[in-house]
Structures are given as C-alpha cells and as structure tokens.
Amino acid sequence: MEDETVEAEFDRFISWCQGKSELYRTYCERIVEDQELRKFIGEIDASNRPYTLFAAVHFLLLEDDSHGLSDYYPSVSGDPRQPGEGDPGELFSDFCLQNRDRIRELTESRKVQTNEIRRCAALLPGFAYLSRKIEGSVSMVEVGASAGLNLSWDSYSYRYHGYREIEGEGPVMECKVREGSPPIDVNLEVKEKVGIDINPLDVSEEEDRRWLKALTWPEHRERRERLEKAMNLAHEQSPEIVEGDAVEDLERVVSQLDDPVIIYGTQVLWALEPDRVQDFLETVGELQEDREIYCLFGERGGLEWLMGDRSSDEEVWLEVFEHPGELQKLGEYDVHGEWLKWQIQ
C-alpha cells in the first residue's frame, strides 16, 4: 500500500515539474519505475515528500559534490549536464540508496520552508490596498516566516513589467502584470514587524542557508541569486522571528503588538490540514472582534479551497479579510511571483 502511495505521489508531481524542472521530472519518472527506491522513500516520515526528498538530495550535493549526480545541478556544477544526457535517474537512485541515513535524517528534521521572496511582488499591492484603510503606524506579523526574508518586503526593489517600478536597497522583484492595475504605493508607517514559524531558520547559520538554497530548484538561477541577496540583507537587518504554531501561538504574538496589525503569509496554510485552516480563521476572527486586525494571504485556491477537499487544480489567490468570516479575493499570482492578475479596483 505504501509503495502505491509513493508511486501515486510522485506520478502527480510530474505535472508540477513540467516547465519548472526537467531534472526533477526525470527523478519522478525514475521513482515511479524503481521499486527499491520507492521502498526507501516509503520509509520517509515527512509531509510533502517530493519537495522534502529533492531538497535533502540538493542539500547533500551542495555540501559534497563528489558524486556524479552533482554534474546535473547548475547550482553545484559550473558546467552542468542536461537531463537528457546520460542517465540522471540512475544516478539519483544510486545517490539516494547510498545516503539513506542522511536523507532520512534531513527529511525528518527539516521542513519545506521555501522563502520565495518574489512573492513580495504580490504582497506589495495587497499592502497598498490595505494602506487605504489604515491610519497611523501599523504592526505586522508574517505567519510561516521561515528565515524572515519576506519581512524585508519594504526594502526590496520592484519592477512590474509594462507598468511601474519602485527602487529599494534590496534585490529586484520582477513581475509581469497580466491583468488589472494593481496599486503599489504603500502609505504605511511600519512600527514593528515580527515573524512566527514552527521552526525558524537563521541566515547566520551555514546549514540553514544551505537548506534554503536546497529548497530552490537547481535550474532556477535567478531565484538563487535573489535568495542570496535577500539572505545577506536579512543578516544585516536581523528580523525578529518567534518560534511558534500558526494557530496555537498567534494570539500570544499579536497580544504584544499595538493596533492596527496586519497578519500575512504566502503559501503557508496549505501545509495545514483543512480543519486546522478553519481553526486559524476562527482564531483570527476572534482577534478581529476586539482589535483592529487585517489579514492578507496568498494561498493556492484561496482559503475556502484549503478548507475543502483540494481536489481541483487552482492558481494562487491573494485574499484579504478585514472582518470575521469575510474573505475578499484581490487577485491571483504565480507560485513564485513571476506574474500577477489584479482583479479588484
């Protein structure tokens, strides 16, 4: 039964790799065909197994590039081979089976905490939208902050192709506006920013930096370059990140901040079970009854979809909720922030 689960899991992931990573698509095809490899993967106790497994392998290759598999990684090799050359699937299988213990250790101790900073290009219009409704200084809480790179959203530069630009000190977030006219002038005085994460990462720690790099798919050079610059900026700014659960500890974190408060996050609640997403919304709703709390979240299919069976294939929705139970869709964006559709005036 577990073997069939692994096969189905990675067979589904093949479609997700299309156009994003030919190397990872090749790995998925190998896993579907390789019973011994599937048996090992079935022993891994980790959520989001494809992401976690591929990141663990990438992490180990960044640490030691002596195995032939490293030749296929642009993030590791100066002159990488193409997935169509040789047999990277065979090398992947060999590497995994040789490094069972290290891979098992990493997949059980690490989480999928992709700190994709280009998602800030979707958050920025959301903050601009909320800034029209908020007076005075504001406190901000990022849920699922990882290493806190998206807490530095107001330090980055933004280029909305064919639309507008904003200059900042940090790396450039390039985004195509496919629809609408998103507001990007954020008239907010940010008094305090804090992140909350079940397992905060520290960019001053080499292994945490390597894990963030490993979560970035190996062919994505521009993402790696932005990540490196953002980590360096975060090292200088030292964002505050509190260890805690998005549901259980949110009230404690918010209680230490002055109103108004913006709670935000990108692609974090999908990691929760549907009933826990419901618990999160109820927690926020209770806070909103007595305080001036605004929420801005980017989640695949929207929050209602996350509380359902999640069976359909949906884009990432950008939503706000200013009052208990009232969700409003602002638009959609690419999972890595490459494009944005703004759907509200």
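The written sequence of each chain sets the order in which its residues are numbered from 1. This being a predicted model, a pLDDT of at least 70 is required before a residue's local features are given, and a value of 80 or more before pairs of side-chain atoms are given or counted; all residues contribute to the totals for chains, interfaces and linings. Each side-chain value is derived from all of the structure's non-hydrogen atoms; neither hydrogens nor water enter the calculation.

Participant: Help me get a handle on the environment of Cys 295, residues and values and all.
Facilitator: Among the secondary structure elements, Cys 295 is positioned in strand E8 (residues 293–300). Residue Cys 295 is classed as buried on the basis of its relative accessible area, which comes to 0%. The spatial distance from the C-alpha of Cys 295 to the C-alpha of Phe 10 is 34 Å, given a sequence separation of 285 residues. Here a residue-residue contact requires only that any non-hydrogen atoms of the pair lie within 4.5 Å. In contact with Cys 295, not counting residues within four places along its chain, are Ile 263, Val 284, Glu 319, Val 320 and Phe 321. Under the DSSP-based scheme used, a helix requires at least four consecutive residues in state H or I and a strand at least two consecutive residues in state E, with every element numbered from the N terminus. The classification of residues rests on relative accessible area computed with a 1.4 Å probe and restricted to protein chains. Under 20% of the type maximum is buried, over 50% is exposed, and intermediate values are partly exposed.

Participant: Any details on the packing of helix H8 (residues 206–215) against helix H9 (residues 221–237)? Residues and values, ideally.
Facilitator: For helices, the fitted line uses only the C-alpha atoms of the stretch in contact; every axis is such a line through C-alpha atoms, and the angle between N-to-C directions lies from 0 to 180 degrees. One can describe the packing of H8 onto H9 by two numbers: an axis separation of 10 Å at closest approach and a directional angle of 150 degrees. When the interaxial angle is binned, H8 and H9 end up roughly antiparallel. By crossing handedness, the relation of H8 to H9 is classed as right-handed. Taken together, the residues of H9 that come into contact with H8 (itself represented by Arg 209, Leu 212 and Lys 213) are Leu 227, Glu 228, Met 231 and Asn 232. Of the residues in the contact of H8 with H9, the class split is three nonpolar, one polar and three charged. When an angle is under 35 degrees it counts as roughly parallel; over 145 it counts as roughly antiparallel; between 65 and 115 it counts as roughly perpendicular; any other value is oblique. Each crossing gets its handedness from the near helix: less than a right angle anticlockwise from the far helix is left-handed, clockwise is right-handed. Put simply, Ala, Val, Leu, Ile, Met, Phe, Trp, Tyr, Cys and Pro go in the nonpolar bin, Asp, Glu, Lys and Arg in the charged bin, and everything else, Gly too, in the polar bin.

Participant: Residues and numbers for the pairing of strand E9 (residues 316–323), please.
Facilitator: Burial within E9 is extensive, with six of its eight residues counted as buried. When DSSP finds at least two bridges between two strands, those strands are taken to pair. Inspection of the sheet shows E8 paired to E9 by six bridges, in the antiparallel sense. Within E9, the residue paired with Cys 295 across the bridge is Phe 321. Connecting E9 to the next strand, strand E10 (residues 326–333), in antiparallel fashion are two residues, including Gly 325 with a positive phi near 80 degrees.

Participant: Pulling in residues and values, what's your account of the sheet that holds strand E2 (residues 157–161)?
Facilitator: If you trace the 11 strands from one edge of the open sheet to the other, you get E3-E2-E4-E11-E10-E9-E8-E7-E1-E5-E6, paired in mixed fashion. In this open sheet, the two strands that pair with only one neighbour each are strand E3 (164–166) and strand E6 (241–243). Across the sheet, the mean angle from the axis of one strand to that of its neighbour is 25 degrees, orientation sign disregarded.

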